[in-house]
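# Analysis of the macromolecular model
If you want the building blocks of each chain, they are given just below.
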Amino acid sequence: MLTHFIGGEQVAQGPVFPVYDPVTGSVLRQVHEADSAVVDRAVQAARAAAPGWAALPVTERAAWMRRLADGIEARFDDLVAAEIADTGKPLEQTRTLDIPRGAANFRAFAEIAAQRPDDAFHLPGVLSYTVRRPLGVVAVIVPWNLPFLLMTWKLAPALVAGNAVVVKPSENTPSSAALFAEICAEVGLPAGVVNVIYGYGTAGQLLVEHPGVDGVTFTGSTRTGSTIMRSVSDRVKPVSFELGGKNAGVIFADCDLDRAVDGTVKSVFTNGGQVCLCTERLYVERPIFEEFCARLAARAQTVEPQPMISAEHRQKVLSYYELARSEGAKILTGGGVPADREAGYFVEPTVVTGLSEDSRFNTEEIFGPVCHVAPFDTESQAVDLANASEYGLAATVWTGSLDRAHRVAQRLEAGLVWVNTWYLRDLRTPFGGVKLSGIGREGGTQSLDFYSEPTTITIKLEQSDA
Ligand code: 6OD
């Protein structure tokens, strides 16, 4: 039974809910759900801890971040097992990406924060400089697709900037957050600096509405993001959101086709397509369209299916496969449930073509192992097609021309553009989306800017006549 972690203690309070194993569909564990009393207790614990934590020199907080990274590495195998149990992720991905990124997030933000200078501007007779103060208590609401990677991606900069936090992982994936709470206790992090509570959207809603919360960071759907924004608007609290996407991949005939097919297989099917950065719309230059489709479909058949996170999400993805058929798509491969995977929440990796750009399939985020492929004739047309979306998180461009790579990348309406690669990350760079894909940027100093507020101090220096 998972219990909340509040003020350094395990708290068994609130009703209980089940977490399901996506591979088998059976109950994996039971978890306490935060009601308003639990949320209040967690926020009060964070408020009590915040001033002492904020008062530490940033170099000391950075040292705590490194201890947390060490603690993650010491519990590496447990974290891998917990993450796989909740999500059904492949072992290789979990060992090489999800859990190592947790430790890397803490190490990166320890460096970035400790080395960051404050601004100072000096004119004759006037000195202006800034000091940055943490927001106070930050609500950290984490999705189910990359639970540990994204929790730590938010926690590391929030903590090193001097905030105390209340974390709510997704109801589907609480286990790595529970282990992280244990790690906080094991390394001796001051009680109340990190608090972890569990529950559904209702618990998240109670948390963001709590008057003791000074800022919210959230990754998830655009609909939930705009609900959170409304909830904090009366209190005028800052939010950092990474929301939905309908990411485009643009493949030019001058690309290295082997690399483009390889990269596209990753960008469409990694994590069962359940990464906000996954590509769902592909535009391929006409001379290579048929060959690209054939090769992508063949490769899709070799991709090991990964379970969707829940029965409900699987149903949603399957409903889009049905929709593709009813909208008149040609299914190049997939479109159903893998024959040997009736148990659990599996769906087939799927490639379709032939739908209009304004079809629901081509405009709504599906968040599964699926893409639509369409041909284009000119560079401008490709850019227009890629940009014709309400969303603007990420895009990929595959080309052998350096000029074209820069030209197209700079015209794409997305917060992140990859050229001849996908999901290569430098944690110092800004990360986030435009249009309905989010507000604000995390990454590097942009994260520190979100989790703190500057005060500008201006001093008039009288000229000495000596
Ligand atoms: O890699 C990251 O830092 C990041 N924020 C990934 C987000 C993925 C969303 O599903």
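Residues numbered from 1 in each chain as written. Predicted model: local features only at pLDDT ≥ 70, side-chain atom pairs only at ≥ 80, totals over all residues. Heavy atoms only, no water.

## Let's talk about the environment of Thr222
Of note, Thr222 is situated in helix α8 (residues 222-233). With 22 residues separating them along the chain, Thr222 and Gly244 place their C-alpha atoms 5.3 Å apart. Non-local contacts of Thr222, meaning those with residues more than four positions away in its chain, are made with Leu243, Gly244, Tyr391 and Leu436. A polar contact of 2.9 Å, which involves the side chain of Thr222, links it to the backbone oxygen of Leu436. (Helix = DSSP H or I, 4+ residues; strand = E, 2+ residues; numbered from the N terminus. Contact = heavy atoms within 4.5 Å. Polar contact = N/O pair within 3.5 Å; in protein donor to acceptor, adjacent residues only side chain to side chain.)

## Quick word on the domain arrangement of the chain
Per the domain assignment, the segments of the chain are domain 1 (4-243 + 437-456) and domain 2 (247-419). When each unit is reduced to the centre of its C-alpha atoms, the spacing between domain 1 and domain 2 is 31 Å. Taken together, the contact between domain 1 and domain 2 spans 22 residues of the former and 20 residues of the latter. Between domain 1 and domain 2 the total buried area reaches about 1500 Å² when both faces are included, carbon and sulfur atoms providing 59% of it. When the area that domain 1 buries against domain 2 is broken down by residue, the three leading residues are Pro22, Trp144 and Ser437, summing to 34%. Our enumeration of links across domain 1 and domain 2 arrives at 0 salt bridges. Where domain 1 meets domain 2, there are 7 residue pairs in polar contact (both at pLDDT 80 or more). The class makeup of the residues in the side of domain 1 that touches domain 2 is 7 nonpolar, 10 polar and 5 charged. (Domains from an automatic or database assignment. Buried area = accessible area lost by both parts, 1.4 Å probe. Salt bridge = Lys/Arg side-chain N within 4 Å of Asp/Glu carboxyl O. Nonpolar A, V, L, I, M, F, W, Y, C, P; charged D, E, K, R; others polar.)

## As for the sheet that holds strand β19 (residues 416-419)
The strand order across the open sheet built from 7 strands is β14-β15-β16-β13-β12-β18-β19, with neighbouring strands paired in mixed fashion. What marks the edges here is a single partner per strand, and that holds for β14 (330-333) and β19. Taking each pair of neighbouring strands and ignoring which way they run, the sheet shows an average axis angle of 25°. In this sheet, strand β16 (residues 370-376) lies alongside strand β15 (residues 350-353) in parallel orientation, the contact comprising 4 bridges. Counterpart to Val351 in the pairing with β16 is Cys371. Contacting β12 (247-251), β13 (279-285), β14, β15 and β16, helix α10 (residues 286-300) crosses the sheet at an angle of about 140° to β13. (Pairing = 2+ DSSP bridges. Axes fitted to C-alpha atoms, helices over the stretch in contact; angles between N-to-C directions.)

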